[in-house]
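# Coordinate analysis (summary)
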Amino acid sequence: MLEVSGLRAGYGAVEVLRGIDLSIAAGQIVALLGSNGVGKTTFSSVVTGLMRPWGGTIRFRGEAIGGLPARATVARGLIHVPEGRHIFPNLTVRENLELGAYRRGKPNREANIERVAAVFPRLKERFAQKAGTLSGGEQQMLAIGRGMMAEPELLILDEPSIGLSPLLVEEMFALIRRLADDGLTILLVEQNVLQSMEIASHAFVMENGEIRLSGRPAELMEDPELQRSYLGLA
Amino acid sequence: MVNLDIVLPSVLNGLTTGALYALVALGLTLIYGVLHIINFAHGALLMVGLYGVYGLNAFAGVDPYVALLIVPPAMFAIGYALQRGIIGKASHGRDENILLVTLGLSIVIENLALYFFRSDTRIVDTPYSFSTVEVLGAFLPLTKVIAFAGALLTAALMWLIMTRTDLGRAIRALAKERKGAALVGIDTDHIFAMSFGLGIACLGIAACLLMPSYYVSPQVGHGFVLIAFTIVVLGGMGSFTGALIGGLIIGVVEALGGLFLGESLGQIGIFLIFILVLIFRPTGLLGHRV
């Protein structure tokens, strides 16, 4: 589905990604883990075309997409639900969803709105409400719902659990697993190592702009280094 | 002392002028709402539209109202090209640069107009220029009544575009959330240019509606933009309804000011309102963005 090799990128003179290799097979939940500031969000931004790569290749379903603008990656079904949600606060919930199908999925727009409403009944109650008036959890649901409107081939979820109460975090991870069970391929970019490991079939751990560890979650959990730096185990 | 027979026609007259002001302000507020810039070239572009209507009439015999089919689309194209080709490129994403670029554009356009047309004022003669219609017992110039209806229709049309079409939703989305807009696949440069084009097309419509009862000269835009700016502040920066209501209020205030204080002092009321709004309600009457 997605193959990234030797990807480098940064801001100004500062290199943030120093050669990332990562691949995602169809139907998987892949977790990209790491603490704040290691370059996870830069990685998703480059892959979706919000930023230009400095070097390396990005292939999506066999096609080289490195350097394409976001509207071109969206058209190919690479959908990025960004950290911080970035929903349209001045538009209604329904309008937000409608715009999710701006570039892709337009013919099935109405049916997909129903589908999103079925996944997020709470959003349906708020369809006519301005999105800016939603709670943080509802805004996160809307951001994911808006992403689903584009009929994604690959859904990149950047920090979906950030700023949510522990109960909502549980709910969010359950939802992500449900979406994957329905056949969606998901790249889960998270700081929340334990819960992400539980639902992912493969995980990459990023540190300082490089992939430090990768493998099946069960194996990674045994890694002494990971235990020390992320799980607080001695 | 206050004679209703004089006041009512004055108010109606003010409403018709105000609707045209509103149309000019609508373009200004749309561009401000989305691009977050004051378009200093607004007056100069209105002047371009007026010369377009004048030229079509003088050289091809096109009636100003028939010019509605030509001038607004042409103005849209000019606006789109200006934003995409010059303003967007030269600004490098910095608002203060955009400000200077539009100011520079207005100077260039005005001096080109001076060069080609000199500073003479020109008018368009139509068979209906002096026709009047009776409204509520007052006699109003036909051209102003048409302008009033046309301005309201345009405002309604703009409202439909903004609320009922994907283009309008994309414009409103981009106004508040550029990253989110890019991530749903909105071509942001294109939508910025569309917004600018629509704002300038409003000027094209205003030019067609205005020309039969007004004149054109290279500096004609100044007065309009000053008033339009007041309207945008009065109505709330970026607010559509605010621009419409603000325009009508300003038109009436100006007419009544002219009636009671004399023509030359008529505009005092406008700037009095401007100052009062800035002091007491700086967000404007409807202080929300598009």
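Residues numbered from 1 in each chain as written. Chains lettered and ligands numbered in written order. Predicted model: local features only at pLDDT ≥ 70, side-chain atom pairs only at ≥ 80, totals over all residues. Heavy atoms only, no water.

This part is about the packing of aromatic side chains. Two aromatic rings are characterised by how far apart their centres lie and by the angle between their planes. Across all of its chains, the model carries nine aromatic pairs over all chains by this definition. Both rings, one in Tyr115(B) and one in Phe116(B), keep their centres 5.2 Å apart while their planes meet at 80°; by these two values the pair is edge-to-face. Here Tyr115(B) matches Phe116(B) in class, with each residue exposed. Here the aromatic residues Tyr21(B), Tyr214(B), Tyr215(B) and Phe224(B) are joined through ring pairs into a cluster of three or more. The ring of Tyr102(A) has Lys106(A) sitting right over it, with the charged end atom 5.3 Å from the ring centre. If you follow Arg146(A) out to its NZ or CZ, it ends over the ring of Phe88(A), 4.7 Å from the centre. (Phe/Tyr/Trp six-rings, centres within 6.5 Å; stacked < 30°, edge-to-face > 60°. Buried < 20%, exposed > 50% of the residue type's maximum accessible area, 1.4 Å probe, protein only. Lys NZ or Arg CZ within 6 Å of the ring centre and 35° of its normal.)

So, on to the sheet that holds strand 2 (residues 14-24) of chain A. Residues and elements named next belong to chain A. The strand order 2-1-4-5 describes an open sheet built from four strands, whose pairing is antiparallel. Since the sheet does not close on itself, it has two edges, and those belong to strand 2 and strand 5 (63-64), each with one partner. As paired strands, strand 4 (residues 55-60) and strand 5 are joined by two bridges and run antiparallel to one another. Across the sheet, the residue bridging to Phe 60 is Glu 63, located in strand 5. On the sheet, helix 1 (residues 40-48) packs against strand 1 (2-11), strand 2 and strand 4 and is oriented at approximately 110° with respect to strand 1. (Pairing = 2+ DSSP bridges. Helix = DSSP H or I, 4+ residues; strand = E, 2+ residues; numbered from the N terminus. Contact = heavy atoms within 4.5 Å. Axes fitted to C-alpha atoms, helices over the stretch in contact; angles between N-to-C directions.)

Residue and element names in this part refer to chain B. Here Ser 10 lies in helix 1 (residues 4-35). With relative accessibility at 11%, the residue Ser 10 sits in the buried group. Apart from the residues within four sequence positions on either side, Ser 10 is in contact with Ala 255, Leu 256 and Leu 259.

What follows covers the domain arrangement of chain A. Residue and element names in this part refer to chain A. Per the domain assignment, the segments making up chain A are domain 1 (1-77 + 153-159 + 172-234) and domain 2 (83-150). Measuring from the centre of the C-alpha atoms in domain 1 to the corresponding centre in domain 2 gives 24 Å. Of the roughly 1,100 Å² buried where domain 1 meets domain 2, counting both sides, 69% is carbon and sulfur surface. If you look at where domain 1 meets domain 2, you find one salt bridge. The partner of Arg 104 in a salt bridge is Glu 153, and the shortest N-O contact between them spans 3.5 Å. At the boundary of domain 1 with domain 2, the tally comes to three residue pairs in polar contact (both at pLDDT 80 or more). Of all the elements in the fold, those that place two or more residues in the side of domain 1 that touches domain 2 are helix 2 (70-75), strand 7 (154-158) and helix 7 (166-181). For the side of domain 1 that touches domain 2, the leading source of residues is helix 7, giving four residues. Each residue belonging to the side of domain 1 that touches domain 2 can be placed in one class, and the counts come to seven nonpolar, two polar and six charged. (Domains from an automatic or database assignment. Buried area = accessible area lost by both parts, 1.4 Å probe. Salt bridge = Lys/Arg side-chain N within 4 Å of Asp/Glu carboxyl O. Polar contact = N/O pair within 3.5 Å; in protein donor to acceptor, adjacent residues only side chain to side chain. Nonpolar A, V, L, I, M, F, W, Y, C, P; charged D, E, K, R; others polar.)

The subject of this paragraph is the sheet that holds strand 8 (residues 185-190) of chain A. All names here are of chain A. Pairing is mixed in the open sheet, where six strands are placed in the order 6-7-8-3-9-10. With one partner strand each, in any of the chains shown, strand 6 (78-81) and strand 10 (210-215) form the two edges of the open sheet. Across this sheet, the average inter-strand angle for adjacent strands is 20°, counted without regard to direction. Pairing of strand 7 with strand 8 involves five bridges; the strand directions are parallel. When the bridges of strand 8 are listed, Leu 157 appears paired with Leu 188. Against the sheet, helix 1 engages strand 3 (29-33), strand 6, strand 7, strand 8 and strand 9 (202-207), with an angle of about 145° to strand 6. Across the face of the sheet, helix 6 (residues 136-148) comes into contact with strand 6 and strand 7 while running at roughly 170° to strand 6.

All right, on to the side chain of Glu177(B) then. With respect to the helices and strands, the residue Glu177(B) is situated in the loop between helix 6 (166-176) and helix 7 (178-183). Within the buried set, Glu177(B) has no salt-bridge partner at all; the shortest N-O distance to an opposite charge, 6.7 Å, is to Arg146(A). Side-chain polar atoms of Glu177(B) contact the side chain of His86(A), separated by 2.7 Å. Of the polar contacts made by the side chain of Glu177(B), one reaches the backbone nitrogen of Gly180(B); its length is 3.0 Å. (Lys, Arg positive; Asp, Glu negative; His and termini not counted.)

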